[in-house]
Amino acid sequence: MIPYTIDRRADSGVNNVTLGIWLFIASEVMLFGALFSSYALLRVSAPAWPHGRDVLGVWFGVGNTVVLSVMTALVLRARAVPPAVGRQFLAVGTVLAAVFLVIKGLEWRGEIAEGLVPSLNTFFAMYFTLTGLHALHVACGIVANVWVLLGASRVPDGMTSGRIRAVALYWTFVDVVWLTLFLLFYLT
Amino acid sequence: MTLAPRRVAAAATVAWLVVPAALAACPVCFQVEDGPAADGVRVAVLVLMGVATGVLAGFAVFIARFVRRSQ
C-alpha cells in the first residue's frame, strides 16, 4: 500500500498526490487524443464541413471560455495562498464551473430545439461527443472540488494544500481541452 | 524456437506466398487512391502520433529526472 504522505519524495522530486494526478492526466490526454484524431479523420475526409460560426452560438462559446479561464486562474491562485484563503478561491471556482455547465446546457437545449442533433451530420456528432465528454469532466471536477472543500475541516492544512494542487492541475488540463474545442468547433 | 512458433512461422510464410493480398495491411493505407479519405487517415495518424509522442516524451523527461536525482 502506498502511504499517504504530503512530503516531496527525494527520488522523484514530487509527492505521491502530484505524481498520481500527472499519471491520471497522461491517461486523459490519450483519451482526448484519440477523439481529436477521430475529429481530424472525419473533418479532412468530409466532402463538406459546416463553419462553426454559422451553426453554433459563438457567444455561448466565448462566455464559457471566459468563465472556465477565470475559474482555472482562481484555482491556480488557490495553490499559492494560505489554505483558508485557498478554500475560498476554490469555492468561487466551483461556482464558476457550475455556471459553465449551465451555459453549456442552455446552448445544447437551443441547438437541439433547432434540430441540430448528433444524427444530423458528422460535425454535430463530433461536437456533442467531445463537448459532452468535456462537460462530464467539468462535472467530475466539481465533485472533486466539493470533496476537497468538505474534507478541509477534517484533515491537516498540508493535506488540503496537496489536494488543491492536484485539482488545480486537473482544471488546467480541462481548460486546455476546452480552449482546443473552442478553436476547433467555434472558430474554424 | 520451439515447435509451435515454428509451425506458426511456416504457416504464415506459406500464406504469404499463396495469398499475399490477404496478409497485407488494410486497404486504407495500401492500394488506395489518393483522396479525401486517405488524406483524413494520414492527418488522423499524425495527430495521434503527435499526442502519443508528447505523452511518451513527458514520461521520458520524468524518468530522466528520476535517474538524475537518484545519482
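For the structure itself, consult the block above.
Cut-offs used in this document
- Sequence order as written defines the numbering, with residues in each chain counted from 1.
- For this description, chains carry letters from A and ligands carry numbers from 1, given in the order in which they are written.
- Owing to the predicted nature of the model, reporting of local features is limited to residues with pLDDT of at least 70; listing and counting of side-chain atom pairs is limited to 80 or more, with chain, interface and lining totals taken over all residues.
- Strands here mean DSSP runs of E at least two residues long; helices mean DSSP runs of H or I at least four residues long; both are numbered from the N terminus.
- Buried residues are those with 20 or more other C-beta atoms within 10 Å of their own C-beta, exposed residues have 12 or fewer, and partly exposed residues lie in between; C-beta atoms are placed from the backbone.
- C-beta atoms are placed from the backbone for every residue, and two residues are taken to be in contact when these atoms lie within 7 Å.
- Helices are assigned an expected span. That span is 1.5 Å times one less than the residue count.
- Axis definition: a line fit to C-alpha positions, over the contact stretch in the case of helices; interaxial angles, taken between N-to-C directions, run 0 to 180 degrees.
- Each angle gets one of four labels, with under 35 degrees taken as roughly parallel, over 145 as roughly antiparallel, 65 to 115 as roughly perpendicular, and the rest as oblique.
- Two helices crossing with the near one rotated counterclockwise from the far one by less than a right angle form a left-handed crossing, whereas a clockwise rotation gives a right-handed crossing.
- Lys, Arg, Asp and Glu make up the charged group, whereas Ala, Val, Leu, Ile, Met, Phe, Trp, Tyr, Cys and Pro make up the nonpolar group; the residues left over, Gly among them, are polar.
- Joining buried Ala, Val, Leu, Ile, Met, Phe, Trp, Tyr and Cys residues through C-beta atoms within 7 Å gives a set, and that set is a nonpolar core.

**A few points about the overall build of chain A**
Link 1 in the chain: When helices and strands are tallied, chain A shows 6 helices and 0 strands.
Link 2 in the chain: Element order for chain A, N to C, with α for helix and β for strand: α-α-α-α-α-α.
Link 3 in the chain: Counting only C-alpha atoms, chain A reaches 55 × 30 × 25 Å along its principal axes.
Link 4 in the chain: Buried positions account for 31% of the 188 residues belonging to chain A.
Link 5 in the chain: Partitioning the contacts of chain A with sequence separation of at least 6, the portion at a separation of at least 24 is 76%.

**Quick notes on helix H5 (residues 122-151) of chain A**
Residue and element names in this part refer to chain A.
Link 1 in the chain: The terminal C-alpha atoms of H5 lie 43 Å apart, and with 30 residues this matches the ideal 44 Å at 1.5 Å per residue to within 8%.
Link 2 in the chain: Every buried residue of H5 is listed here: Phe123, Phe124, Met126, Tyr127, Leu130, Thr131, His134, Val138, Gly141, Asn145 and Val148.
Link 3 in the chain: Each element contacted by the buried residues of H5 is listed here: helix H1 (16-45), helix H4 (83-113) and helix H6 (157-187).

**Quick look at the packing of helix H3 (residues 58-78) of chain A against H6 of chain A**
Residues and elements named next belong to chain A.
Link 1 in the chain: At their nearest, the axes of H3 and H6 sit 9 Å apart, and the two run at 160° to each other. On the basis of their axis angle, the class for H3 and H6 is roughly antiparallel. As H3 packs across H6, the resulting crossing turns out to be left-handed. The segment H3 lies against H6, with Val58, Gly61, Thr65, Leu68, Ser69, Met71, Thr72, Val75, Leu76 and Ala78 engaging Ile164, Val167, Ala168, Trp171, Thr172, Asp175, Trp178, Leu179, Phe182 and Tyr186.
Link 2 in the chain: In terms of residue class, the contact of H3 with H6 is built from 14 nonpolar, 5 polar and 1 charged.

**Comments concerning the nonpolar core**
Residues and elements named next belong to chain A.
Link 1 in the chain: Among the nonpolar cores identified, the biggest contains 40 residues, and Met71, Val75, Ala78, Val167, Tyr170, Trp171 and Val174 are the most heavily contacted of them.
Link 2 in the chain: Those elements that place two or more of their residues in this core are H1, H3, H4, H5 and H6.
Link 3 in the chain: Those residues within four positions of Val167 in sequence are excluded, and the remaining contacts are Val75, Gly141, Ala144, Asn145 and Val148.

**A few points about the environment of Ala135 of chain A**
Residue and element names in this part refer to chain A.
Link 1 in the chain: Structurally, Ala135 can be placed in helix H5.
Link 2 in the chain: A C-alpha to C-alpha distance of 29 Å links Ala135 and Val155, two positions 20 residues apart in sequence.
Link 3 in the chain: Beyond its immediate sequence surroundings of up to four residues, Ala135 is in contact with Leu101 and Lys104.

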